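Remarks on the overall topology
What follows is each chain in one-letter form.
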Amino acid sequence: MIAVHPDGKIMVRRCLVTLRPFRLFVLGIGFFTLCFLMTSLGGQFSARRLGDSPFTIRTEVPGGPESRGVLRKMSELLELMARRVDALARLGNGSEPQPQPQRASEACAAVDRLPAGAGLMERIQAIAQNVSDIAVKVDQILRHSLLLHTKVSEGRRDQCEAPSDPEFPDCSGKVEWMRARWTSDPCYAFFGVDGTECSFLIYLSEVEWFCPPLPWRNQTAARRAPKPLPRVQAVFRSNLSHLLELMGSGKESLIFMKKRTRRLTSQWAAAAQRLTRKLAGTQRDQKQVLVHIGFLTEESGDVFSPRVLKGGPLGEMVQWADILAALYVLGHSLRITVSLKELQSNLGVPPGRGSCPLTMPLPFDLIYTDYHGLQQMKQHMGLSFKKYRCRIRVIDTFGTEPAYNHEEYATLHGYRTNWGYWNLNPKQFMTMFPHTPDNSFMGFVSEELNETEKQLIKGGKASNMAVVYGKEASIWKGKEKFLNILNKYMEVHGTVYYDSQRPPEVPAFVKNHGLLPQPEFQQLLRKAKLFIGFGFPYEGPAPLEAIANGCIFLQSRFSPPHSSLNHEFFRGKPTSREVFSQHPYAENFIGKPHVWTVDYNNSEEFEAAIKAIMKTQVDPYLPYEYTCQGMLERIHAYIQHQDFCAAPAPASPGSHPAQSFFVLAPNATHLEWALNASSVPGAWPPPHSLRAWLAAPGKACTDACLDRGLICEPSFFPFLNSQEAFLKLQVPCDSTESEMHHLYPALAQPGQECYLQKEPLLFSCAGASTKYERLCPCRDFLKGQVALCQGCL
């Protein structure tokens, strides 16, 4: 209530009814109108409020003709407001009779009816009364609107009850959850949830999919997926300048990656030309690709960027730079993010805490990320993560085995770690080296030399120069014995980072160059005879670069092998792989004369290896799969053929009868794909390359296939997962059971119990037990390209 006392006080008393926002707004206009009025008349005022007493304004107003003119103008303004409120009242009330307060226009006219000698205070009090009347009118309008809303809500109450529909069994439970928790995340309000039953059901049927559509809803108003963009053909690119712009700047890691990409531009361009000719006529759709490098985000700590210039590990950045280059050269459309904010914007994440689905269908065909990015997407995509996770590819240096990937199985059998349990297809994890056939081999590239460069390197080699593999001083600690033996025969060089003082771990006889830029490090390798590792880091790119520049790589053999069971570095990683040397790929896929693996604990063996290496001549060598063309070819094949969103092949026994596909080989040792077998639509790699063996007890399928010069292929397991496969191998089964176990299908020893796989995600090349003879699917591979079979392109 606004009141003007004869002593010049304007008082705003609290109403007994709660003031609604719009009424408060009208009162506010009136209040500040009066304040303006006082100052316009040359008056003065002061305000105070004590305890629960009214808010009081003390005024002093002079009289005179000017003051009356101002009052007249204010009266006209209030009359205009009153007319508009009356119109609003008629619109809101319809034909229902409403109690009519004194018309504000009449009250405004009362200002003129005041006698000429009336004081200004009487006129101001009349205006204040008008403001109060307008506020009452607005309050009546709002009350009437609320009544109508209540009637409509009651009329639809029977339409906003959770339906009992067997096709939506979770609907009622989700409605109960929404009643209790809808305010827990602002994203629900963003999608229109306001605490009413109808808003719950609208959200659960149109945004999520737990409830059936409401029949009274305008279904065309529901969210509709936009029409997909027309497919365009991917065209190889040779100019990488736009890619460099997409990569951004500001981080040392990004600067390193851009320098690498710029340096390799000509090699990527040449590789693209060669692959264009090789794939002539192949139709390739351009994919919309998001690349989110999670470990470079501030939210994950970005521990790599500050260490780029201090000898920190560069392997991950080497690989990511090459992945970006390969995707771009192949002609796909890229978005690159290295911050959580950019990720949320590109995905269409609604405001809130990540409980709700995305605001739009995912605009990307593929997403390449790492474990940090995977966690960030799960946290912010809500239910959309489960819907779209089949499009994700996870760059995973050391690999993730199926036993660690399956959440339920990992939890029950002790395989759960901080990095596994994602329930992805194991082939969605992409490794740096082809050590885990359950995953896809992504790789990276090393600089390829032409014939002229190779001859120059051979002529410029120093026969007694060694470079130690290790940029951090800690790697040199405790290696004095090996270094002293090496120093007897060779001049020892290092590239150890230091600020101002020489690291004490590096002996005085070592010529330390400090941390070198990549081009200078390459020049050092081109002069050296030997590149020697001291057991760490594991499986990095540097040994391949050294071998490509004509060095011999000497590394230590681990006995016992390093694994998560006995070595801190591997503890917690989602793999039980045993590492028998510092660089297993170099040992197993390259080998002598380029790679020597010896027992460093045996000084005589170590010294003998040094002597033999000094007498050995080698040419620069680079495996095809680590050239630009090899990587382009591999990623092209994955994008063309890997589809993890399609329905998975069933694992149930008999789903692929073995007698339809296989015959026993002439020597009766293994199964082969029958020449007259029908093709399997969508199967990749093509199954005609399959060979199946029963491995020896305690032998993993990975090793059983390698022993025969082949590669284990997990996508072929469903073809073997039947009793008929054992019968074809002349192994009678006394009993056959189907269970969840990462070693199945297998034959149990002793006895003749056959076990089949119940869960497709647990088909695994890795893993062994002396209790089982595993049924192993193997395939051939292209020379220098183990990821692809001979018919895979």
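How each quantity is defined
- Per chain, residues are indexed from 1 in the order of the written sequence.
- Local features are withheld for residues below a pLDDT of 70 in this predicted model, meaning they are given only at 70 or higher, and side-chain atom pairs are given and counted only at 80 or more; totals for whole chains, interfaces and linings count all residues.
- As a convention, hydrogens and water are excluded, and side-chain values are obtained from all of the structure's heavy atoms.
- Each residue carries a pLDDT value, the predictor's own confidence for that position, ranging from 0 to 100.
- When checking whether two residues touch, look at their non-hydrogen atoms; a contact exists if any pair is within 4.5 Å.
- For two strands to pair, DSSP has to find at least two bridges joining them.
- The numbering of helices and of strands both runs from the N terminus, where a helix is a DSSP run of H or I of at least 4 residues and a strand a run of E of at least 2.
- Any Lys or Arg side-chain nitrogen located within 4 Å of an Asp or Glu carboxyl oxygen qualifies as a salt bridge.
- Working definition: with a 1.4 Å probe on protein chains only, accessible area under 20% of the residue-type maximum means buried, over 50% means exposed, and in between means partly exposed.
- Side-chain atoms within 4.5 Å link the members of a nonpolar core, which is a set of buried Ala, Val, Leu, Ile, Met, Phe, Trp, Tyr and Cys residues.

So, the confidence of the model for the protein chain
Low-pLDDT portions of the prediction should not be read for the details of their coordinates. Chain-level pLDDT for the protein chain is 84 on average; 77% of the residues reach the 70-or-more range. The model gives residues 147-158 a pLDDT under 50, and that stretch makes 3 contacts with residues more than four places away or in other chains.

Notes on the sheet that holds strand β10 (residues 440-441)
Taking strand neighbours across the sheet as the criterion, the 6 strands line up as β6-β5-β7-β8-β9-β10 in an open arrangement whose pairing is parallel. Of all the strands in the sheet, the pair left with one neighbour each is β6 (333-337) and β10. By the bridge criterion, 2 bridges tie strand β9 (residues 429-431) to β10 in an arrangement that is parallel. From the neighbouring strand, M430 faces β10, where its bridge partner is S440.

Some details on the pattern of salt bridges
Counted according to the given criterion, the structure contains 18 salt bridges. In this structure, K251 and E298 form a salt bridge, with 3.0 Å as the shortest nitrogen-oxygen distance. With a gap of 47 residues between them, K251 in the loop between α8 (241-246) and α9 (252-263) and E298 in the loop between β5 (288-292) and α11 (315-329) connect regions that are remote in the sequence. With a closest N to O distance of 2.8 Å, R779 and E713 form a salt bridge. With R779 in strand β25 (residues 772-779) and E713 in the loop between β21 (711-712) and α25 (717-720), this residue pair connects regions lying 66 residues apart in the sequence. Residue R779 is classed as buried on the basis of its relative accessible area of 3%. One connected set of salt bridges, linked through shared partners, spans E176, R179 and E197.

Some words on the nonpolar core
Counting residues in hydrophobic clusters, the biggest one holds 80 residues, and the most contacted among them are M257, W268, Y368 and F531. In terms of residue count, the dominant contributor to this core is α11 (11 residues). Beyond its immediate stretch of four places on either side in the chain, Y368 contacts V289, L290, V291, H292, W320, L327, R393, I395, M430, M442, I635 and I639. Counting 27 residues, the second-largest nonpolar core is a separate cluster that includes V510, F534, Y600 and I610.

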